Amino acid sequence: MEPANDVTGAVYAEQVGAVFRQLPIAVAVNFVNASLTAAVLAPMAARPFLLPWLLAVLLVTAGRLVLWLRYRRAAFRPENIHRWSRLATVGSLLTGLCWGVGGAVLFPIIPDLGKIFLTIVLGGMCAGTVVLNASHLPTLLAFLLSTSLPVAARFFVQTSAADSALGAMVVVFAAALTLGGKHLNRIFTEAMHLRFELNQANLRLQAEIDEHRATEASLRQAQKLEAIGQLTGGIAHDFNNLMTVIIGNLEFAKMRAGEKAGVAPRLQAALQAAERGVTLIQRLLAFARKQPLDPRSVDVGALVSGMEEFLRRTLGPEIRLVAAADPDSTPALIDANQLELAILNLAINARDALPEGGTVRIDVSNRRVDRQAMPELTPGNYVVVSISDDGTGMDDTTLAKAFDPFFTTKEAGSGTGLGLPMVHGFATQSGGTARIRSTLGEGTTVELWLPQASAPPPNRRLDRSASKIDRGAANVLLCDDDDDVRDLLGEFLGSIGYTVQEASDGEEALRLLDSGIEVDLLVTDYAMPGLNGLETIRQARLRRPELRSLVITGHAGPLAGDIAGVPILRKPFSPNQLARRMTAILAADC
């Protein structure tokens, strides 16, 4: 329905409602005036006509009272408003006929004093109905015309000039009251229109204010998240450089310590702690969405199993965690870090839905999809990770908005409303989808449908502590603006047979190349003052097209520039990883 029609309908309903609100007054006035009129005119009347007239007036008055009571008890429905309008008009018409016809019959049988009294009563009743029923013109006219016209007709049928004049005066009086009633009705209607239009305008303004506040809050939240992302990305770059130095020095020390009792175990424990630090920064980067997806073949069951202890600590002792994987489950083609974050987000949501404790269950299984069952997915085989709880659940309204960004049922400051949207976006970006089922009071189940991998997963744990190091005898130009990283890698590469020249930035590396030194491999950091690593490699290849290169970087996110054909090794890495990568590059055909 259009807004204009809404206002018109509301005004009409208010007009009819005003009639029924005034109806008790009209009923009381009719009862009192009819009783007083009968009492005054009874001694004057030539025939006993007053009693039947009084009974008729009281009967109609009682009927209108019953109508008012039924209106009060009835539930308001817009489609019934015309019916109530017609009933109010009919009641007013019957009341007016009682007075008008009764007056026309009473005038011949009462003396002049009685006629004057009855005329005053009828005039007052007509004037009163204009005041009481001005909101609803049909009700007003029904009483006014049915009261005045029979009396006027009675005067007109008399042959005397005085009676005709009286009849004309009654018509003029009725016409004047009709015009006055129409004017009051127009004022009432315009006032109601203005009131409802102002009310709608206020509602629209309030909705716009609420929308503006929600948009402003979303913008502030997005700005906060962007600031967190930028901060996390900046910290990650420095942190990766630090972890490269820490891991490198620990492995260097472990190699030199050999199997000395009391030393090697301590160094191994420090290496494991460093590995946990690397995992932490990867999760921070995944939260800030500063890393592009790196889909690889992942054993999802093993990944969930590896997270169990961490999830148990996160969920707390009141919540029982059950994790089960189908023994025949196949690997998924997925970014493992992002999948860990998604599972963690869903587990935290499940925890929040269990304020008094309960069970969280994580299942991993294989399923096949056809287009009819899930048209949003490409038909094929999928790995499904299901996270369910037996908590509070969600109603249909909340469930419909669960994946909407910034929608949250938590208290202000307790949630951003981004957990489920991030999970859904990650699953969709990975070539799968996320589905949610929930029943209020029974719990919630979220399913991540992940594309199946065609290749088996590699060994996820890298051999950082291997004692065997690939040795080399090539000339290496090492370029890194971090002194600690450059010193560590330079000493390590020299110790395993490489001839190393060091440069602190891209310009210095190019000057060394211009000096004519022999270089087989350029190893350069990416983020450096002046020329970045990719630009340094590009300009170095202009000087020496056959030069091989390797970018080492702790930079968060994708690298800006032409990375085609440029090997990349992301920090933090172990010396063993670097040696193996360099051996592979130098051994490859140009």
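Residues numbered from 1 in each chain as written. Predicted model: local features only at pLDDT ≥ 70, side-chain atom pairs only at ≥ 80, totals over all residues. Heavy atoms only, no water.

### Here's the deal with the overall build of the protein
The line we're drawing: Secondary structure elements follow DSSP: runs of H or I no shorter than four residues count as helices, runs of E no shorter than two count as strands, and numbering proceeds from the N terminus. Burial classes follow relative accessibility: with a 1.4 Å probe on protein chains only, a residue under 20% of its type's maximum area counts as buried, one over 50% as exposed, and anything between as partly exposed. The Shrake-Rupley method, run with a 1.4 Å probe sphere, supplies the accessible areas, and residue values consider only the shown protein chains as cover.
Looking only at helices and strands, one finds 15 helices and 12 strands in the protein. The buried share among the 590 residues of the protein stands at 44%. A total accessible area of about 30,400 Å² is found for the protein, and carbon and sulfur atoms account for 58% of it.

### Concerning the sheet that holds strand β12 (residues 568-570)
To be explicit about the condition: Here, strands pair whenever DSSP counts at least two bridges between them. The angle between two axes is taken between their N-to-C directions and runs from 0 to 180 degrees, where each axis is a line fitted to C-alpha atoms and a helix contributes only its stretch in contact.
In space, the five strands of this open sheet follow the order β9-β8-β10-β11-β12, with parallel pairing throughout. The sheet is open, and its two edges are formed by β9 (499-503) and β12, each paired on a single side. Each strand axis lies, on average, 20 degrees off the axis of its neighbour in the sheet, ignoring direction. Relative to strand β11 (residues 548-553), strand β10 (residues 521-525) runs parallel, the two sharing five bridges. Bridge pairing links L522 to S549 in β11.

### Concerning unusual backbone geometry
The omega torsion of the bond from K571 to P572 falls at -5 degrees, within 30 degrees of zero and hence cis. Here P572 lies in the loop between β12 and α15 (575-587).

### What to know about the packing of aromatic side chains
Note the cut-off: Here is the rule: rings of Phe, Tyr and Trp (six-membered ring for Trp) pair when centre to centre is within 6.5 Å. Planes less than 30 degrees apart are stacked, more than 60 are edge-to-face, and the remainder are tilted.
For the structure shown, the criterion picks out six aromatic pairs. A ring pair is formed by F20 and Y71, whose centres lie 4.1 Å apart and whose planes are at 10 degrees; its orientation type is stacked. Of this pair, F20 sits in helix α1 (residues 3-41) while Y71 sits in helix α2 (residues 50-73); the two residues are 51 residues apart in sequence, bridging distant segments of the chain. Aromatic side chains F20 and W84 sit 5.8 Å apart centroid to centroid with 90 degrees between the ring planes, which places their arrangement in the edge-to-face category. With F20 in helix α1 and W84 in helix α3 (residues 81-106), this pair connects stretches of sequence that are 64 residues apart. With respect to burial, F20 and W84 carry one shared label: buried.

### Some remarks on the sheet that holds strand β7 (residues 443-451)
Read from one edge to the other, the open sheet built from five strands follows the order β2-β4-β5-β7-β6, with strand pairing classed as mixed. The open sheet has two edge strands, β2 (319-325) and β6 (433-439), and neither has a second partner. If you compare each strand with its neighbour and ignore which way they point, the axes differ by 15 degrees on average. By the bridge criterion, eight bridges tie strand β5 (residues 380-389) to β7 in an arrangement that is antiparallel.

### Notes on the confidence of the model for the protein
Under the convention used in this document: pLDDT measures how confident the predictor is about each residue, on a scale from 0 to 100. Note on definitions: a residue-residue contact is assigned when non-hydrogen atoms from the two residues lie within 4.5 Å.
For the protein, the average pLDDT comes to 82, and 85% of its residues sit at 70 or higher. By mean pLDDT, the top-scoring element of the protein is strand β8 (residues 475-479) (94), and the lowest-scoring one is helix α7 (residues 264-288) (69). Across residues 460-469, confidence stays below pLDDT 50; counting only partners more than four residues off in sequence or on other chains, it has 26 contacts.

### Topic: helix α4 (residues 112-132)
We apply this condition: Expected helix span is given by 1.5 Å per residue-to-residue step, counting one fewer step than there are residues.
With 21 residues, α4 extends 30 Å between its outermost C-alpha atoms, agreeing within 8% with the 30 Å of an ideal straight helix rising 1.5 Å per residue. Along α4, the residues classified as buried are G114, L118, V121, L122, G123, M125, C126, T129, V130 and L132.

### Description of the packing of helix α13 (residues 506-514) against helix α14 (residues 533-543)
Quick reminder of the rule: These descriptions rest on fixed angle ranges, namely under 35 degrees for roughly parallel, over 145 for roughly antiparallel, 65 to 115 for roughly perpendicular, and the rest for oblique. Only Asp, Glu, Lys and Arg are considered charged, only Ala, Val, Leu, Ile, Met, Phe, Trp, Tyr, Cys and Pro nonpolar, and every remaining residue, Gly among them, polar.
Their axes nearest at 10 Å, the elements α13 and α14 cross at an angle of 10 degrees. Considered as vectors, α13 and α14 are oriented roughly parallel to each other. Of the residues in α14, those touching α13 at G506, A509, L510, L513 and D514 are T536, Q539, A540 and R543. Of the residues that constitute the contact of α13 with α14, the class distribution is four nonpolar, three polar and two charged.

### What to know about the pairing of β5
Within β5, nine of the 10 residues are buried, leaving the element largely enclosed by the surrounding structure. Of the pairings in the sheet, the one linking strand β4 (residues 358-369) to β5 comprises 10 bridges and is antiparallel in character. The residue of β5 that forms the bridge with N366 is V383.

### Quick word on the side chain of S386
Position of S386 among the secondary structure elements: in strand β5. Judged by its relative accessible area of 10%, S386 is buried. If we skip the residues at most four places from it in the chain, S386 touches R361, I362, D363, T445, V446 and E447.

### Some details on the environment of L122
For L122, the location among the structural elements is in helix α4. Among the residues examined, L122 registers a relative accessible area of 7% and is labelled buried. It is 9.6 Å that separates the C-alpha atoms of L122 and G96, two residues lying 26 residues apart in sequence. Ignoring any residue separated from it by four or fewer positions in sequence, one finds L122 in contact with W99, G103, T147 and V151.

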